[in-house]
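An overview of the molecular structure
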Amino acid sequence: MDGRTRILIRGGKVVNEDLSFMSDVYIENGKIADIGRNLKVPAGAQIIDATNMLVMPGGIDTHTHMELAFMGTKAVDDFYIGTKAALAGGTTMIMDFVIPQKGTSLLEAYDRWRSTADPKVCCDYSLHVAVTWWGEQVKREMATLAAEQGVNSFKMFMAYKDVFMLSDQELYSAFSQCKEVGAIAQVHAENGDLIAEGAKKMLALGITGPEGHEMCRPEAVEAEATQRAVTIAHAVNCPLYVVHVMSKSAAKVVSNARRDGRVVFGEPIAAGLGTDGTHCWHKDWAHAARFVMGPPLRPDPSTPGYLMDLLANDDLSVTGTDNCTFSVCQKALGKDDFTKIPNGVNGVEDRMSVIWEKGVHSGKMDENRYVAVTSSNAAKIFNFYPQKGRIATGSDADVLVWDPNSTRTISASTHHQAVDYNIFEGMVCHGVPVVTISRGKVVYERGELTVKAGAGRFVPRPPFSEFVYKRVRQREQVGSFCLSSVSPHHTITYSPFRAQRPVTYIGPAHSRVTPLLLSSVAYITPVYDAAVFNSPDERTDRGC
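Conventions we followed
In this numbering scheme, every chain counts its residues from 1 along its sequence in written order. In keeping with the model being predicted, local features are shown solely for residues with a pLDDT of at least 70 and side-chain atom pairs are shown and tallied solely at 80 or more, while totals for entire chains, interfaces and linings include all residues. Heavy atoms from the whole structure form the basis of all side-chain values; hydrogens and water molecules are not counted. UniProt positions are given in the numbering used here, feature names are shortened, and annotations may be inferred rather than shown by experiment. Residue contacts follow a heavy-atom distance rule, with two residues in contact if any of their heavy atoms lie within 4.5 Å. We define the nonpolar core as a collection of buried residues of types Ala, Val, Leu, Ile, Met, Phe, Trp, Tyr and Cys that are connected through side-chain atoms lying within 4.5 Å of one another. Each residue is assigned to one of three classes by its accessible area relative to the maximum for its type, calculated with a 1.4 Å probe on protein chains only: buried under 20%, partly exposed between the two thresholds, exposed over 50%. Note on conventions: DSSP H or I runs of at least 4 residues are helices, E runs of at least 2 residues are strands, and numbering of each starts at the N terminus. Lines fitted to C-alpha atoms define the axes, with helix axes restricted to the stretch in contact, and inter-axis angles between N-to-C directions lie between 0 and 180 degrees. Note on angle classes: values under 35 degrees are labelled roughly parallel, values over 145 roughly antiparallel, values of 65 to 115 roughly perpendicular, and the remainder oblique. A clockwise turn of the near helix away from the far one marks a right-handed crossing, whereas an anticlockwise turn of less than a right angle marks a left-handed crossing. Any Lys or Arg side-chain nitrogen located within 4 Å of an Asp or Glu carboxyl oxygen qualifies as a salt bridge.

1. Some words on the UniProt feature "modified residue: N6-carboxylysine" (unreviewed entry) in the protein chain
In this numbering, the UniProt entry assigns the feature "modified residue: N6-carboxylysine" (unreviewed entry) to Lys155. Excluding its chain neighbours within four sequence positions, the residues that come into contact with Lys155 are His63, His65, Phe97, Val129, Ala130, Val131, Gln186, His188 and Val243.

2. Here we look at the nonpolar core
Grouped burial of nonpolar side chains is what soluble globular proteins tend to show. Formed by 116 residues in total, the largest nonpolar core has its most connected members in Phe154, Met156, Phe175, Val187, Leu240 and Tyr370. When residues of this core are assigned to their parent elements, the largest contribution, 8 residues, is made by helix α7 (residues 219–235). Residues contacting Val187, with those up to four places away along its chain left out, are Met156, Met158, Phe175, Ala229, Leu240, Tyr241, Val242 and Val243. If you look at the next biggest cluster of nonpolar residues, it comprises 18 residues, including Ile7, Val25, Ile48 and Met53.

3. Remarks on the packing of helix α3 (residues 136–148) against helix α4 (residues 168–181)
Between α3 and α4, whose axes approach to 10 Å, the crossing angle comes to 30 degrees. With respect to α4, the element α3 is oriented roughly parallel. Along this stretch, α3 crosses α4, giving a crossing that reads as right-handed. Mapping the contact onto sequence places Lys139, Met142, Ala143 and Ala146 in α3 and Ala174, Gln177, Cys178 and Val181 in α4.

4. Let's talk about the pattern of salt bridges
Per the stated rule, a full pass over the model turns up 27 salt bridges. In this structure, Lys179 engages Glu476 in a salt bridge whose closest nitrogen and oxygen atoms are separated by 3.1 Å. Of this pair, Lys179 sits in helix α4 while Glu476 is found in helix α15 (residues 466–478), placing the two residues 297 residues apart along the sequence. The class for Glu476 is partly exposed, based on a relative accessible area of 40%. Among the ionic pairs, Arg217 bridges to Glu190, the shortest N-O distance being 2.8 Å. Of this pair, Arg217 sits in the loop between α6 (211–215) and α7 while Glu190 sits in the loop between β12 (184–188) and α5 (192–204), placing them 27 residues apart in sequence. Under the relative-accessibility criterion, Glu190 is labelled buried at 0%. In this structure, a network of salt bridges that share partners links the residues Lys31, Asp124, Lys388, Asp396, Asp398 and Arg439.

Below, the structure is given as structure tokens:
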């Protein structure tokens, strides 16, 4: 047996999402084989001294776009460079997005992404699939992807009008199919109609620089779409995952929804947690353009700290990067028109350091919560836990040895990504990756990478994640997803698709109730989600 497939990590502190303890970790043939103090292992095993260090699950980046063709160009980080950089930063798995063009096959797009990624990836990966249009073909292919191809998450765009954006009725249909096949509905939550009108207004006023990007996509545009997605998902009892939560307003919507009992997960990203949108007003156009992404980084400098507070306290759940990198020259495609600046920033290499610095080192979260938001929660939500996201016997040997006492300075001059700048340039981070183990092999050690294209594998994800669907199934069984926590005499408002104005009923709450069916509901206002009465006589119509 090759000694490189046997590794003993000795003297470290094992950190999982629920507890920390001193222990050795023995790895054999790509799996964690044993955990305990003073382990006896076969001769020839590679020994890693983790004294005064933390031994954690490798990071899982829930949101990347490697070599994505977008806005007239292609992202410079391909699946080889991007996953190599991920490993250097302590991330051992990425989750990328298949994005079919409108009117094209989801299955064919999935096959293209697999054929592109499989020969290049240095670490394990999985794929979300975007739903960019709606029809019976899409509905059938979603079922096939979930049942046969290991896809249990589908992303819908509420922005990018006339390109990817779905209408509310199409969202309702897509969410319904997600629930039917046991998938998680993901949304890019921005009001595409308002963005389109705002962009026209900015350009008419002569605002063409990167600042115009944020000005036509203010917080309210993100928050409104987030609320609308939460409401539609709740109407069909579908679990919802809001990607790249970028603003205080949108984060509050997710937080309130969770506290109201909704099955909703929010994903802030490294960029939104580590920097802000004031850079978009920088006098140097090239500097400002580096920070253009959608939804935009917010100019309120208190936003990163606010998002981190919510992440630390479980109002937000996981972290990704939305890593979609374009060079300065590519960004210059929009030098005279901000709507043509390719949207995207870096982060796949620096996410683990940024979150440790802004979360753990700052005192906002502890080491266990750090593991939860960088790996474990993602593995649970997307249904591959404890295969990944945990240091446990039998789990995949995707392991990170982390030095919480060392520091490093982030810079484009030293990072491993292909992009020629870094939005975190100059940030000093306490806590650094010392050793990264992927699939049971040391691939990064003290600054040196030893990677091979194609060494990673696709990770299929079964539908109906227990972590997500336990509550969904129970609510479906008892019909409680239509109910709010109401006390006697609450006001409930809803709007049918073709209603000229909302219809409001006031009625008593009862201990034994039957939920109102919402088959014709386009959206439900935030007051309450459904009206429940024992008989029509108990209703008082005040809206007609």
